[in-house]
Amino acid sequence: MDPDTEVDYDMSPYLIRYKSGRVHRLMGTRRVDAGTDAATGVTSRDIVIDVGTGLAARLHIPNDVLGTSTKLPLLVYFHGGAFAVNSAFSTQYFRFLNALVSAARAVAVSVDFSLAPEHPLPAAYDDAWAALGWAVATASCARASSGQEPWLAEHGDPARLFIAGDSTGGNIAHNVAMRAGRSGLPGGTRIEGMVLLHPYFCGKELVPSEGAEPRRSLETEERWWAFVCAGRYGIDHPFINPLAMPATEWVSLGCRRAMVTVAELDRMRDRGRRYVEALRASAWAGDEAVLYEDQGERHVFFLSRSDGSGKTKQMIAAIASFMASSNAQALLGPSVPSLGCDAKL
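The model shown is predicted, which means the values in this text are computed figures rather than measured ones.

What counts, and at which threshold
Residues numbered from 1 in each chain as written. Predicted model: local features only at pLDDT ≥ 70, side-chain atom pairs only at ≥ 80, totals over all residues. Heavy atoms only, no water. Helix = DSSP H or I, 4+ residues; strand = E, 2+ residues; numbered from the N terminus. Buried < 20%, exposed > 50% of the residue type's maximum accessible area, 1.4 Å probe, protein only. Salt bridge = Lys/Arg side-chain N within 4 Å of Asp/Glu carboxyl O. Pairing = 2+ DSSP bridges. Axes fitted to C-alpha atoms, helices over the stretch in contact; angles between N-to-C directions.

Visitor: For this particular structure, what's the right way to read the side chain of histidine 174?
Guide: Tracing the backbone through its elements, the reader meets histidine 174 in helix α4 (residues 168-183). Assessed through its relative accessible area of 0%, histidine 174 is described here as buried.

Visitor: Even after reading the chapter, I still don't get the pattern of salt bridges, so can you show me in this structure?
Guide: Oppositely charged side chains can pair when the atoms bearing their charge come close. Counting across every chain of the model gives 21 salt bridges. Here glutamate 210 and arginine 271 are joined by a salt bridge, their closest N and O atoms 2.6 Å apart. Here glutamate 210, found in the loop between β10 (191-197) and α5 (214-228), pairs with arginine 271, found in helix α6 (residues 269-280); they are 61 residues apart in sequence, far enough to count as distant. Like arginine 271, glutamate 210 is buried. One salt-bridge network, held together by shared partners, links Asp8, Arg17 and Lys19.

Visitor: Help me understand the sheet that holds strand β3 (residues 23-25) in this model?
Guide: Sheet strands associate in pairs through backbone hydrogen bonding, adopting either a parallel or an antiparallel arrangement. If you trace the three strands from one edge of the open sheet to the other, you get β1-β2-β3, paired in antiparallel fashion. The open sheet has two edge strands, β1 (7-11) and β3, and neither has a second partner. Sheet twist, expressed as the average angle between the axes of neighbouring strands with direction ignored, equals 10 degrees. One ladder, built from three bridges, connects strand β2 (residues 15-18) with β3; its direction is antiparallel. If you follow isoleucine 16 over to β3, its bridge partner there is histidine 24.

Rendered as structure tokens:
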């Protein structure tokens, strides 16, 4: 039988890998060109961060700040897609990032990291870390110079640094924040805020929301996790199950504030809720962990409605409010009180 057509691993609806090693992605391959979005007033363009590795990103910025000296919060975003599909150039992320950047008045770096199975984990984590370091270093330049990315050098404010991601992108954001706490960022920069949108975590000890067939659910998750990390890490490794970490380990989470959103109809919702509970009860030195819940919605619903209307608009407004609150507290100093609350949208 032809190894290029004989199935080695079928993980529909995401992808199929054949015996030859060829990977056929079943979703997330459609790409939209960068440019100015008239609906949001946001302009985007694509850049290569590292020519050697091919690490790339799409930058998004409100069009009206170009040509001015305005500084904006710097948002580094990691897309979802089971570590194996989608890209920073996908239509849904183009629309969602434009809507988010418009509402939050930020300059965003949407990272196009390496995908499994061709590049198993920790490749995506390493790419995300490299992109974050590059963004911070570039935004820390006094002004754009030869070879520097001008949008970040002229308009990115590293003192107002945020990281965010949805689903597995949320997992990546968490792990990048842990690495930032342990290793530090250029110039001693600290992540002001972390936003996890319906984050993807798992573990052997199931939570109530994980379905009516817990054994089948766990088997599927273990199989997928082993596939995307090439069997390097177990299902309770801190990369995938931060709830298994001792409370003392959370001290490494290198962000000042955290926001986690969950969806009422998402089978992973209780992991997001318990993440916030664990963070609040841990040795983390941050100021605030907030939980937002999207009522009547499913996992990453906002990507299929990424025009920024309805519930998506409400969620984006909540993120923008979180970022604005962080910005105000950072500017006024640590004596400003932090308001901890949970909200249902």
